[in-house]
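Secondary and tertiary structure notes
Here are the chains, one letter per residue:
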Amino acid sequence: MTNRLAQTKSLYLRKHAENPIDWWPWCDAALATAKTQDKPIFLSIGYSSCHWCTVMEGEAFSSQAVANYMNANFLPIKVDREERPDIDSIYMQALQMMSGQGGWPLNVFLSPEDLVPFYAGTYFPLEPKYNRPGFLQILQALRRYYDTEKEDLRQRKALIVESLLTSAVLKGDASQEAEENELLRQGWETNTGVISANQYGNSFPMIPYAELALRGTRFNFASRYDGKQVSTQRGLDLGLGGIYDHVAGGFHRYTVDPTWTVPHFEKMLYDNGQIVEYLANLWSAGVQEPAFKRAVAGTIEWLQREMAAPAGYFYAAQDADSFTTPTDVEPEEGAFYVWSYAELEQLLTSLELTELQQQFTVTPNGNFEGKNVLQRRHPGELSATLETALGKLFAARYGTTANALETFPPAQDNQEAKTVNWPGRIPSVTDTKMIVAWNSLMISGLARAGGVFQESLYLEIATKAANFILEHQFIDGRFHRLNYQGQAAVLAQSEDYALFIKALLDLHAAKPENRFWLEKAIALQQQFDEFLWSVELGGYFNTASDASQDLIVRERSYADNATPSANGVAIANLVRLSLLTDDLHYLDLAEQGLKAFKSVMSSTPQACPSLFTALDWYRNSTLIRSTHEQINSLISRYLPTVAFAVVSNLPENSVGLVCQGLKCLPSASSVEQLLQQVQQSQTRA
C-alpha cells in the first residue's frame, strides 16, 4: 500500500511512498488540513543521496508503531530540499538556532496555525541509542507538550520568529564595518585561513573558499598565509585524493577524514561543476599539475557517460550506496567503487599491482572496511602501465572498456538497480532530475575548462545543456527550477537565476564574439530583478514575490554552503553585465547589494567568501576591448576580474583597449603593454 508520495516526481519523496506513515507533500491542502485538525506538522526534509535520510527511512519511517502514532497525532509532510531549498533554508536556520548545528535529515515540528517551528533535530533512531531517545518517545513527548504547555509554546515560537526576522533583515553595526579595501583583505585572509589546514574531521571541497584564496594571490597581501600554496594544496587534495574517482572520473561529495582518503561516496553534480572550474583556473594561473588536467578530463568523461541526458541536460546526483548482489536487502556504501586486495591480484599483473601500490594507497588490509579506496601518493603523470591497470579496473566495474562505453544508462531506483542485468557491478542509483542551479555550475565549469584547455568538446557539451534550459525551463515566460523527464516544475529560485546568468556570461567569455549568450543573460537578469530584488533592503530574496505565500519569512541567502551563495554570484554578475553593456544601472544594483551585506561581511567573513569575490569584481572590474584573435589568445589566462568585448574599430596601431571601472586607459600598442595594463587594473583596489 503506497501513500501520496507515490504520485510525486521527486525520487527522494518516492523513496518514502511505501512507508506506513501517511505522508503529504508540501502543499496548500496539507497545511490547511493540519490547521483544521489542529495537528502539529512533522516536517521532514532530505534529499535522495543523503545516507542518514535513507537510514531513517528504513528504520523509524518504516515502523508501524511510529506510523500509527504519527498518523493519529501529527500531519507528516515530506520535502525534497533540492526541489524547495527556500523551505529547507528557513527551517535549517531554525534548527541551528535551537541546537547550534545542522544537517540532514532535517526533522522539524511546526505549529499548524503559523508554520513556526517549536522543536527540531536531525537523525532520530527508532530505538533509544547514541545518547538519543527513540523516535516514538520524541513524538509522544512533543504531542504532550503541544497540548499542555500552550503559554511556553507561544513564548518559544515568538523567540524563534523574532530571531528569524532579525536574521532576514541583516541589520549590523555600521561603526564596526571596515573600509572596502581593508574589508577585501580581511575577507581573503579569513577565508584563506578556513581552508589552509584541517587537522581533524571531514574534508569538503569548499570551492568558494579556494576560489577566493586563488584570486587574492594577485594582491600580495601581507599575511601569515601563502595564498598560492593554499590554493594549490586544495587542488592537489582534490586531484590526488580518494575524493576523486581515479578509475572512472568524477568527484565524490567529501572525505570522512582529514587526509582526503576515504570519501562519502555520493557524486553530486554541483561539486563536480565547481571543481572543474577551479582546477581549470588553477591551471590558467600557472599551476599546471598533470593530475589537474587528468581529473578535469576524467570528470567530463564521467559526465558524458553517466550524467548527461540524451536531451543535453545533466542529472543531479549518484547515491553513495549500491548493491553487491541482486538479492541484497540493503545497499552498501561505496560498494561500486572500492577494491579488495584479492580482486586487484586477480585483475592485474604483478608488475601492474606493484606499481599501483607504489603510486596509490593500496595494501592487503585496505583503508576502508578491509577494502581499498584509491588515493594517489604523488603528483605528476601516471605511467602507461598504471593507466592500463586503471583501465582494467574500469572494465571490471562496468563490464567493458572505457573506449567501448560511450553512455552508461542510469539506475533510476533500487528496484531497477537490482533487476537490470548489469555487465559489471551493480551501479548506484542516479537521481535523474534536472536542477537549473546545478546544471549552471557544470556549464560554467565546462566553459572555463574549454577556454583554458582549448577543448571545443567541452564547450559543445556546455552549449547543449544551456540551450536545453533556455528552450524548456520557461512556462508562460517564467523561469523554472526543475525538469522531470521533459516537464519543467517549480518556479526558479535566486540560485537558479544567479548561477544560470553566470553560466551564460561564462559561455560568452569563452566565445565573446557571439553576443547570443550575453543577450540571454540580460533578458533573464531583467526577470530576476523584477521578481526577486529587494527594493527596501537590497540584494535578492530566495524566492519570487508571488511564490512566497507559504513561507514564514523571506530570506536573502548570503552564506556559502556546498554551493556558492546566490547573492554573492548575483552581485558579481551585475558588475560583469555593467562592463559588457555600459549600463550603469547594473553597477548601482551591485553597489546596493554589497551595502546590504556589508555588516555580515565585516562580522562573519568566513560565512560568505562569494560576497568577497563579488567585492573583488566591484573594486577591480576590467574590460578588454580587442579583436577576436587577440582576445582568443587571452582566454586561457587567469584574469579573474576581466570581461572581454570583441571590437573591430580599435585606434590605429593599437592591439586593445583596457577599461577599468568608469575610465579607459590609453590604447595599448603592444601585447606586453596590454597585459601590463590588465594586471595593474586587476589590482588597483
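Just so we're clear, the structure is a prediction, and the values are computed from it rather than from any experiment.

Concerning the UniProt feature "domain: Spermatogenesis-associated protein 20-like TRX" (unreviewed entry) in the chain
Residues given the UniProt feature "domain: Spermatogenesis-associated protein 20-like TRX" (unreviewed entry) here are residues 2-164. Across residues 2-164, helical content stands at 47% and strand content at 15%; the span's end C-alpha atoms are separated by 36 Å.

Details of the nonpolar core
Counting 149 residues, the largest nonpolar core has F135, I443 and F500 as the members making the most contacts within it. Per element, the largest residue contribution to this core is 11 residues, and it comes from helix α17 (residues 436-453). The contacts of I443, once residues within four sequence positions are left out, are F314, A462, A465, A466, I469, F500, A503 and L507. Core analysis: the second largest hydrophobic core is formed by 35 residues, W339, V362, L374 and L390 among them.

Some remarks on the state of the cysteines
Considering all chains together, one arrives at two disulfides under this definition. Two residues share a disulfide in this structure: C50 and C53, whose sulfurs sit 2.2 Å from each other. Here the disulfide of C50 and C53 is right-handed, its torsion about the S-S bond being about 80°. On the basis of relative accessibility, which here comes to 3%, the residue C50 falls in the buried class. The disulfide partner of C659 is C664, and the S-S distance across this bridge is 2.0 Å. For the disulfide bridge between C659 and C664, the dihedral angle about the S-S bond is near 90°, and by the sign convention the bridge is right-handed. Looking at C659, the relative accessible area reads 5%, which means it is buried. Shown here for the chain is a disulfide pattern of 1-2, 3-4, where each number marks a bonded cysteine counted in sequence order.

Comments concerning the packing of α17 against helix α19 (residues 494-510)
For the pair α17 and α19, the least separation of the axes is 8 Å and the interaxial angle reads 20°. Comparing their axes, α19 and α17 come out roughly parallel. Note on packing geometry: the crossing formed by α17 with α19 is left-handed. Contacts from V436, A437, S440, L441, I443, S444 and A447 in α17 reach E495, D496, L499, F500, K502, A503, D506, L507 and A510 in α19. Residues of the contact of α17 with α19, tallied by class, amount to 10 nonpolar, two polar and four charged.

Criteria and cut-off values
- Position numbers for residues count from 1 along each chain, tracking the sequence in the order it is written.
- Local features in this predicted model are restricted to residues of pLDDT 70 or higher, and side-chain atom pairs are both shown and tallied only at a pLDDT of 80 or more, whereas totals for entire chains, interfaces and linings draw on every residue.
- Processing note: side-chain calculations cover all non-hydrogen atoms of the structure and skip hydrogens and water entirely.
- UniProt positions are given in the numbering used here, feature names are shortened, and annotations may be inferred rather than shown by experiment.
- Under the scheme used here, helices are H or I runs from DSSP no shorter than 4 residues and strands are E runs no shorter than 2 residues, and both carry numbers assigned from the N terminus.
- The nonpolar core is taken to be a set of buried Ala, Val, Leu, Ile, Met, Phe, Trp, Tyr and Cys residues, with the residues joined through side-chain atoms within 4.5 Å.
- When accessible area is computed with a 1.4 Å probe and restricted to protein chains, residues below 20% of their type maximum are described as buried, those above 50% as exposed, and intermediate ones as partly exposed.
- Between two residues, a contact is recorded if the distance between any of their heavy atoms is within 4.5 Å.
- A pair of cysteine sulfur atoms is labelled a disulfide when the two atoms are within 2.5 Å.
- With axes taken as lines fitted to C-alpha atoms, and helix axes fitted only over the stretch in contact, angles between N-to-C directions fall between 0 and 180 degrees.
- By definition in this entry, angles of less than 35 degrees are roughly parallel, angles greater than 145 are roughly antiparallel, angles of 65 to 115 are roughly perpendicular, and the rest are oblique.
- Put simply, a crossing is left-handed when the front helix is turned counterclockwise from the back one by less than a right angle, and right-handed when it is turned clockwise.
- Put simply, Ala, Val, Leu, Ile, Met, Phe, Trp, Tyr, Cys and Pro go in the nonpolar bin, Asp, Glu, Lys and Arg in the charged bin, and everything else, Gly too, in the polar bin.

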